Amino acid sequence: MQWFLTTMNYAYISGGRLYVSRNGAQPVEIESAFAAQVIARHQQAMERRQWKAGSGDSMMTRGYDLWGNGSRGGSGDDSMLVRMLSVTGSPRPELIYYSLATDAVGGLFCQNLDTGEERRVFHKERYHLDDLAHHPTRNEILAVKRDADGSSIVITACERFDVHTVTEGDSLDLSPSWIPGEEDSFVYQSAGVGRNQSGNAIGLGPCSIIRVDMKSGRSTVLLEDEQYDYLCPRMDKEGNLYCIRRKYDRGGRALTVGETIKEFVLVPVRLVKALFGFLNMMSQIFGKESLLKTGVGGKKEIDRQEVFLKGRLIDLKKRENAKEEHGIAPSDWTLIKVDPSGAVSEVRGNVCDFDWNPQSGLILTNGLAVSGEENSGWSSVFKGKDIIEYVRCI
């Protein structure tokens, strides 16, 4: 589908913060009143405990923002008080719904983008919803409810706490999305949880794509392969299925003799890295300065060395010399299209996340930029200052 970037509405999450672009404008951060209250209470508690540095300034007055990060333009510590998890649009273009989490609670919220007014749908202790997908016409949202060993697909009302479980089983069910033109059908990704004799989770099977018809109660496997994970399914109104395909990493295999020796030799190196990481964090908190010096100007550098995306730990050091258009996404993370006949075609490589809706078509991120398709091909519409973990049409 070809479309015009100047009319695109999208949202993305970066560094636990939510940003929205409407009609192709520069993205703006969405502020949550609930998050601000949580943060203010935390700040008051810190001041009461008098957590102060040698200069007499508290962390909060020394440039640390209320999300646990350094002040904008500075560096900070990685532990965040509040983190945006997911966002979805709605049939009303001015309304978005988002989920956020703190260490203690999770919640679902609605905000009017025209007025900035926030409405709390609900918040509950340790109740975290992710992968939100508003129904095209009904006032309900598909979402993912996580627990200690897996996750399930649920449907929640948009006005109050009224959540119903749709999928159950010993599996990790993620990324549901409604099928256009079908009122009660959706697709999602699912991976079985492997367990040992003690019942402890030890790994995941390959991710497959499953279609659910809630009226009939029927579930159909659309894509599965022992060699690949299929992630983030989206269907268009023509019946084409889009998803990210990547090589399946079985994990848990036995190490070779050479690998075992290498792991043994690297133990002291990793201990030193852990100690340095701790000292570096303390230096940033109390000295407002990192022990790692970076050059002035030139190519922007991302402070983190690793990032966890879609169940994989991405080594950013290995990606720093990659071409800018490839971003941080591994080369085998490919957006594919499966037409109704089953024919598979590759749409674009190095994709961290993507979305589709009838108004905007396809939008994607390679982890560093948001891109869409115009008449002349794919174009980057926005480049982030930090890693873009998640992108959605709204």
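On a predicted model such as this, the values are computed, not experimentally measured, just so you know. Per chain, residues are indexed from 1 in the order of the written sequence. Reporting of local features is limited, given that this is a predicted model, to residues whose pLDDT is at least 70; pairs of side-chain atoms are given and counted only at 80 or more, and all residues count toward the totals for whole chains, interfaces and linings. By convention in this description, side-chain values take in all heavy atoms of the structure and omit both hydrogens and water.

Caption draft 1: Local environment of the nonpolar core. Side-chain atoms within 4.5 Å link the members of a nonpolar core, which is a set of buried Ala, Val, Leu, Ile, Met, Phe, Trp, Tyr and Cys residues. Accessibility here uses a 1.4 Å probe with only protein chains present; expressed as a share of the type maximum, an area under 20% marks a residue as buried, one over 50% as exposed, and anything in between as partly exposed. Judged by nonpolar contacts, the single largest core of 21 residues is most densely connected at Ile244, Val307, Leu309, Ile328, Leu335 and Phe354. Think of it this way: any DSSP run of H or I at least four residues long counts as a helix, any run of E at least two long counts as a strand, and we number them from the N terminus. If you list the elements that add at least two residues to this core, you get strand S17 (228-235), strand S18 (241-247), strand S19 (306-309), strand S23 (353-357) and strand S24 (361-365). Residue contacts are counted whenever heavy atoms from the two residues lie within 4.5 Å of one another. Apart from residues no more than four positions distant in its own chain, Val307 is found in contact with Arg312, Leu313, Ile314, Leu316, Ile328 and Ile387. Counting 20 residues, the second-largest nonpolar core is a separate cluster that includes Ala11, Val20, Leu113 and Tyr390.

Caption draft 2: Layout of the sheet that holds strand S1 (residues 10-14). Whether two strands pair comes down to DSSP finding at least two bridges between them. Pairing is antiparallel across the open sheet formed by four strands, whose spatial order is S3-S2-S1-S27. The strands lining the two open edges of the sheet, one partner per strand, are strand S3 (28-29) and strand S27 (388-393).

Caption draft 3: Region of interest: the confidence of the model for the protein chain. Per-chain confidence: the protein chain averages 80 in pLDDT, with 74% of residues scoring 70 or above. Known as pLDDT, the predictor's per-residue confidence is scaled from 0 to 100. Long-range and interchain partners of residues 292-302, a stretch whose pLDDT sits below 50, account for 10 contacts in this model, where long-range means more than four residues apart.

Caption draft 4: Focus on the pairing of S18. By the criterion of burial, S18 is predominantly enclosed, with six of the seven residues buried. Across six bridges, the pairing between S17 and S18 is antiparallel. Within the sheet, the bridge partner assigned to Tyr228 lies in S18 and is Lys247. Counted between consecutive antiparallel strands, the loop separating S17 from S18 contains five residues, among which Gly239 sits at a positive phi close to 90 degrees. Summarising the sheet, S18 and strand S21 (residues 334-338) pair through five bridges and their orientation is antiparallel. Note on S21: the bridge partner recorded for Ile244 is Leu335.

Caption draft 5: Molecular detail of the sheet that holds S18. The four strands are arranged S17-S18-S21-S22 in an open sheet whose pairing can be described as antiparallel. Of all the strands in the sheet, just S17 and strand S22 (344-348) have a single pairing partner and so form its edges. On average, each strand axis in the sheet is inclined to that of its neighbour by 35 degrees, with strand direction left out of account. Convention adopted: a line fitted to C-alpha atoms gives each axis, helices being fitted over their contacting stretch, and angles between N-to-C directions are expressed from 0 to 180 degrees.

Caption draft 6: Structural detail: the environment of Thr156. The residue Thr156 is located in strand S10 (residues 151-157) in this model. A relative accessible area of 1% means that Thr156 is categorised as buried. Through-space distance from the C-alpha of Thr156 to that of His134 is 9.5 Å; in sequence the pair is 22 residues apart. Excluding residues within four positions of it along the chain, Thr156 makes contact with Leu108, Phe122, Leu129, Glu140, Ile141, Asp162 and Val163.

Caption draft 7: Quick look at the packing of aromatic side chains. Between the rings of Phe, Tyr and Trp (Trp by its six-membered ring), a pair exists once the centres lie within 6.5 Å; its type follows the angle of the planes, with under 30 degrees stacked, over 60 edge-to-face, and the other angles tilted. If you walk through the whole model with that rule in mind, you get 10 aromatic pairs. With a centroid separation of 5.0 Å and 15 degrees between ring planes, the pair formed by Tyr12 and Tyr19 is classed as stacked. Of the two residues, Tyr12 and Tyr19, both sit in the buried class. Both rings, one in Trp178 and one in Phe186, keep their centres 6.1 Å apart while their planes meet at 75 degrees; by these two values the pair is edge-to-face. In terms of burial, Trp178 and Phe186 fall into one category: buried. By the ring-pair criterion, three or more aromatic residues cluster together here, those being Tyr10, Tyr12 and Tyr19. We call a charge positioned over a ring when the NZ of a Lys or the CZ of an Arg lies within 6 Å of the ring centre and within 35 degrees of the ring normal. For the cation-ring pair, Lys124 lies above Phe161, with the distance from its terminal atom to the ring centre recorded as 4.7 Å. Over the ring of Tyr228 we find Arg245, and its NZ or CZ is 5.4 Å from the ring centre.

Caption draft 8: Seen up close, the pairing of S1. Taken across its five residues, S1 has five buried, putting it largely inside the fold. Neither face of S1 is open: one carries Tyr10, Tyr12 and Ser14, the other Ala11 and Ile13, and all of them are buried. In this structure, S1 lies alongside S27, joined through five bridges in antiparallel fashion. Following the sheet pairing, Ile13 is matched in S27 by Tyr390. Across five bridges, S1 lies against strand S2 (residues 17-21) in antiparallel orientation. Within S2, the residue paired with Tyr10 across the bridge is Ser21.

Caption draft 9: Spatial organisation of the pattern of salt bridges. Think of a salt bridge as a Lys or Arg side-chain nitrogen and an Asp or Glu carboxyl oxygen that are within 4 Å of each other. In the structure shown here, the tally under the stated rule is 19 salt bridges. Across the pair Asp130 and Arg146 runs a salt bridge whose closest N-O atoms are separated by 3.6 Å. Of the two residues, Asp130 is situated in strand S8 (residues 129-134) and Arg146 in strand S9 (residues 140-146); the sequence distance between them amounts to 16 residues. Taking the relative accessible area as the measure of exposure, Asp130 reaches 13% and is therefore buried. The class for Arg146 is partly exposed, based on a relative accessible area of 38%. Residue Lys215 is joined to Asp184 by a salt bridge in which the shortest nitrogen-to-oxygen separation is 3.9 Å. On the criterion of sequence distance, the pair formed by Lys215 in the loop between strand S15 (208-213) and strand S16 (218-223) and Asp184 in the loop between strand S12 (171-178) and strand S13 (185-195) is long-range, its members being 31 residues apart. Residue Asp184 is classed as buried on the basis of its relative accessible area, which comes to 16%.

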